Structure formats: structure tokens, C-alpha cells
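This is what each chain is made of:
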Amino acid sequence: MINRYLPLLFLMVLVLAIAKAFHLYWPFIQSRLVAFVAHLNLLVRYGVWVVVLLLFIGLGVLAVLSLMSHAGRLPQSISRRRWIMDILDRLTNRVALEERLSTNADATFIDADALSRALKSKVIGQDAICDDLAAQIRRRLALQQRGKPVGIFLFAGNPGTGKTYMGKRLATELGRKLLHIDMTQFSRGMAGTALFGSPRGYVGSDNYGKLTSGLRDSPDAVVLLDEIEKADPEIHKKFLTAWNDGFITEASDGKQISTTRAIFVLTTNAAIDVLEDIRQQYSQAPDEMRRASTNALKESGFAPEVLSRIDRIFVFSRLTGLDVARVTALEIERMIEGYGLQVADQGIDPEILYRLMERQAKLADTASSRDLMRAIEESIADSLIAAKQQGARCVALVEGQGIVFARPVTCPE
């Protein structure tokens, strides 16, 4: 029983000892408490003003840092510091993970058959290219991890075969913005500043370049580089980072603009005779066609490092037979709609199309659908304007005594 209550006895002895010590030293403790309370009152009296002063200094520092951050002049040692440790900083390499995620793209699934049909309905005589291009786009959009553009495609072939129009229709059918750049304007190396911006201190450095601003605002655009062979070779090489590394650098501020969601379409009229022979010879062997086409374009002035970045080379065939009539009929319809009118059903005289086909055959290699459309517009523009002024909504094109004119007709209900 003594062992059971021994801890309680020790506790009672300890309490009595503390009470006795407190009783003996109470005067000393009391004097110390009085001195502490006096110091505490003094600290409270002057400490309030110190706290207020420190608060105003802190607010001033925060205001200055906010203004510097808004102006983009905040020191990197401050802007890059993370004051609260991220879980990922403690458990893994967060920077490497962010870089990996930046190369990821959401997979997009499209109907290649529907895209091909839509392209074929507008781009005449290039059915095989429409099928192949639609399949390529479908595969590349389905990739979830991508550090490069969706695709870099080169359309080669004779003028007037639909290369530029194919790029425009591709953007329309995919629902993407079109950035159409005429590369003939960049035959000198210094002209590249209009595309990629001007370095600080140079004229135009306060604005982004046409390409960099376009991709900044519409990162999933279709970039159509028309007649790329006309641009300076140094400008060709400026696209290498865009096609290989997935970004393009704006010269004015050094910002990297992503190109991983964009589609690049290049057109060229270079080496058209050689490429036409290659197309006919290797129509059933795409790998051989790629090798031979690359060699032909290399001999015509394209740099090897530029050609190696191109995903696919499509050689457009010359338009022959009824394809010429189809293209011309579509162009006529589009031109008439530009005047706010419609073409009646079977409203184009077959004789008009036949004569245009004859003219195309006579011109042979120098023929172009643009030349045909200029001739048509010159001959019927006045009659279209007259029909519009008469209140007509539909017209039919009729040829009489070698003259083509637009006749107002009643539109079908």
C-alpha cells in the first residue's frame, strides 16, 4: 500500500516546497513584477507609433514593387523567387515538369474523310493531295505530346493549280485563322524585321512583327507562306527554330512565341518542270517522290536544313480537261457573288467554258487560272453592274457574237 501511494506523497512534498519558496521570495518577485509592468506600459506607449511607421514603410515598398512589376522592370531575383515553397519544389524538379507540360498539346480528333471531301469540293483536280493532307492533319492533331508545329507542308507545282487556295480552304475547314504572308515582299534579309520584329533601339521596335504578333494572338493559326522561294535564304533560316524547337522569338522584347499549335503551309513555283516529271514517275512511291523532290528543290536554291524540317512535300498536278472548266466555273461564281449577285442554275453558257478551255490549251505551260479570270471579269463586269442597278438578284452568263454579258433572270424560290 505504501508503494501505491508513494508518488502522491512525493507530489505533496513538492507542492509544499514550492509554496514555501514562493512565500520566502515573494517580496523579490513582487518588485520584479512591478518593474516589468512599468516597462510594458512604456513599450506600449512608444511601440504603437513604431508599428504605424513600419506599416507605412511596408505599404510604400509594396507600391514601388507593384509599379516596377507592371512596367516589367522587376529584378529577376525577386520576380522568380517563390516565397512559399511549392510541394513540387520539395518532392520533385518542378521546373523540368513545367517545361515538359509546356510541350504537351490537347489531342484533337477530326474526321479525315469529311475534311478531304470538303477540300475536294473546292480545290479541283488535286483529289489525291486532299486525301493525303487530311490524313496527315488528323494524325498530327491526335498527338498529345508535341514540341513542334502540327505540320509543315510544302505545296509545289505550276501556278494556277490551287496551291494557295488549298492553304486558304484548309484554314476555313479547320475553323482556324489564316495568316497569309506574301514572301515575295521579303527578298532582302533586312525585310525580315517586318515578320519577326525590330530589335530595341531600331525603327519599329515598339511593335511586334507580322508573324510574331499573329501567332501571339492566334497560336493555332494556319500560316500560309506564299511563294517561299522568293524570300531571302536568311529569312528561310529564321523559321528553323519555329519548325524545330516549337517557338519563334520576337526581336523587340526577346519573348518566345509558341508555334506548337500552328500549321505552316509553304507554296513554291520552283523547279516546276522537274517536279511534274517526278510526280508522274513516283505517283505510287511516296518515299521516292519525297527524296527526288527534295533533291530537285535543293538544286533550285532551297537550303538542306530548311527542307529537312518540312514534314511533307505535295506536288500539284496541272489542270487538264474538265478540271479547267470546273475551276473556271467556281471562279466565275465567286466573282459574281462579289458583286452581290447569284448565278442561276445552269446559268453559265457552256460555250463560255469551252472557249476558256481552248485558250488554256493554247497557252499550255504559261496558262494560269488568274489570267482566265481577269479576261472574264473584264468582259462581264459592266453588265454585272448594270444588272445590279436594275435590282436583279440572279444572272445568267450568255455569249453572243463573241461577247459575254450578264442577263438578269428570276431567282428560284
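A brief report on the enclosed structure follows. (Residues numbered from 1 in each chain as written. Predicted model: local features only at pLDDT ≥ 70, side-chain atom pairs only at ≥ 80, totals over all residues. Heavy atoms only, no water.)

Below, the discussion takes up the overall build of the protein. Per the secondary structure count, the protein includes 17 helices and 10 strands. A total of 413 residues make up the protein; the buried ones form 35% of that total. In the protein, the proportion of contacts linking residues at least 24 apart, taken out of those at least 6 apart, comes to 70%. For the protein, the accessible area works out to roughly 25,500 Å², and carbon and sulfur atoms hold 57% of it. (Helix = DSSP H or I, 4+ residues; strand = E, 2+ residues; numbered from the N terminus. Buried < 20%, exposed > 50% of the residue type's maximum accessible area, 1.4 Å probe, protein only. Contact = heavy atoms within 4.5 Å. Areas by Shrake-Rupley, 256 points an atom, 1.4 Å probe, with all protein chains shown as cover.)

Between helix H5 (residues 112-122) and helix H7 (residues 163-174), whose axes approach to 10 Å, the crossing angle comes to 135°. Relative to H7, H5 is oriented oblique. Crossing handedness for the pair H5 and H7: right-handed. Contacts from Leu115, Ala118, Leu119 and Lys122 in H5 reach Tyr165, Met166, Arg169, Leu170, Glu173 and Leu174 in H7. When its residues are assigned to classes, the contact of H5 with H7 shows seven nonpolar, no polar and three charged. (Axes fitted to C-alpha atoms, helices over the stretch in contact; angles between N-to-C directions. Parallel < 35°, antiparallel > 145°, perpendicular 65-115°, else oblique. Left-handed = near helix turned anticlockwise from the far one by under 90°. Nonpolar A, V, L, I, M, F, W, Y, C, P; charged D, E, K, R; others polar.)

Turning our attention to the sheet that holds strand S7 (residues 312-316). Taken in spatial order, the five strands of this open sheet run S2-S3-S6-S1-S7, and their pairing is parallel. In this open sheet, the two edge strands, each paired with only one partner strand, are strand S2 (178-182) and S7. Strand after strand, the sheet turns through a mean of 20° between neighbouring axes, direction not considered. Looking at chain direction, S2 and strand S3 (residues 222-226) are connected through five bridges and run parallel. Looking at the pairing, Asp182 lines up with Asp226 of S3. Contacts between helix H6 (residues 127-141) and the sheet are confined to strand S1 (151-157), strand S6 (263-268) and S7, with S7 contributing the most and set at about 160° to the helix. Along the sheet, helix H13 (residues 286-299) makes contact with S1, S6 and S7, crossing S7 at roughly 85°. (Pairing = 2+ DSSP bridges.)

In this section: the packing of helix H12 (residues 272-281) against H13. H13 packs onto H12 with a crossing angle of 170° between their chain directions and a minimal axis gap of 10 Å. If you check the angle between H12 and H13, you find them roughly antiparallel. Across the interface between the two elements, Val274, Leu275, Ile278 and Arg279 from H12 touch Met289, Ala292, Ser293, Ala296 and Leu297 from H13. Residue composition of the contact of H12 with H13, grouped by class: seven nonpolar, one polar and one charged.

Our next topic: a nonpolar patch on the surface. A surface patch of nonpolar side chains, amounting to about 990 Å² of accessible area, comprises Tyr5, Leu6, Leu8, Leu9, Phe10, Leu11, Met12, Leu14, Val15 and Ile18. Inspection of the secondary structure assignment puts Leu6 in helix H1 (residues 2-70). (Patch = residues over 30% accessible without salt bridge, like charges linked within 9 Å, V, L, I, M, F, W, Y side chains within 5 Å. Salt bridge = Lys/Arg side-chain N within 4 Å of Asp/Glu carboxyl O.)

Here we come to unusual backbone geometry. A positive phi angle, close to 55°, is found at Glu227, a residue other than glycine. Tracing the backbone through its elements, the reader meets Glu227 in the loop between S3 and helix H10 (233-238). One non-glycine residue, Ala271, lies in positive phi territory at about 50°. Summarising the element assignment, Ala271 is placed in the loop between S6 and H12.

Centre-to-centre distance and the angle between the planes together describe a pair of aromatic rings. The full count for this structure, using the stated rule, is six aromatic pairs. Relative to Phe314, the ring of Phe155 lies with its centre 5.8 Å away and its plane at 65°, an arrangement referred to as edge-to-face. Residue Phe155 is located in strand S1, and its partner Phe314 is located in strand S7; the two are separated by 159 residues in the primary sequence. Here the two residues Phe155 and Phe314 agree in accessibility, since each one is buried. Judged by centre distance (5.3 Å) and plane angle (20°), the ring pair of Phe239 and Trp243 falls under stacked. In this pair, the class of Phe239 matches that of Trp243, namely buried. Site record: aromatic cluster; members linked through ring pairs are Phe153, Phe155, Phe314 and Phe316. In this arrangement the basic side chain of Arg216 is found over the ring face of Tyr208, its NZ or CZ atom lying 4.5 Å from the centre. (Phe/Tyr/Trp six-rings, centres within 6.5 Å; stacked < 30°, edge-to-face > 60°. Lys NZ or Arg CZ within 6 Å of the ring centre and 35° of its normal.)

Let's shift gears to the pattern of salt bridges. Within the structure shown, the criterion is met by 12 salt bridges. Between Lys230 and Glu227 there is a salt bridge, with the nearest N and O atoms lying 2.7 Å from each other. Among the ionic pairs, Arg279 bridges to Glu276, the shortest N-O distance being 2.8 Å. In this pair, Arg279 and Glu276 are both assigned in helix H12, three residues apart and thus about one turn of the helix distant. The exposure class assigned to Arg279 is partly exposed, which follows from its relative accessible area of 22%.

The next subject is the sheet that holds strand S8 (residues 342-348). As summarised here, the arrangement of the three strands in space is S8-S9-S10, forming an open sheet in which the pairing is mixed. Each edge of the open sheet is held by one strand with a lone partner, namely S8 and strand S10 (403-409). When strand polarity is set aside, the average angle formed by the axes of neighbouring strands in this sheet is 40°. As paired elements, strand S9 (residues 394-400) and S10 share seven bridges and run antiparallel to each other. Across the sheet, Glu399 pairs through a bridge with Val404, a residue of S10. Helix H15 (residues 322-338) contacts S8 and S9 of the sheet and is inclined by roughly 150° relative to S8.

Here we take up the pairing of S9. Along S9, six of the seven residues are buried, which leaves the element largely enclosed by surrounding structure. Sheet topology places S8 next to S9; three bridges connect them, and they run parallel. Note that in S9 the partner of Val343 across the bridge is Val395. The turn linking S9 back onto S10 is made up of two residues, and Gln401 within it adopts a positive phi angle of 55°.

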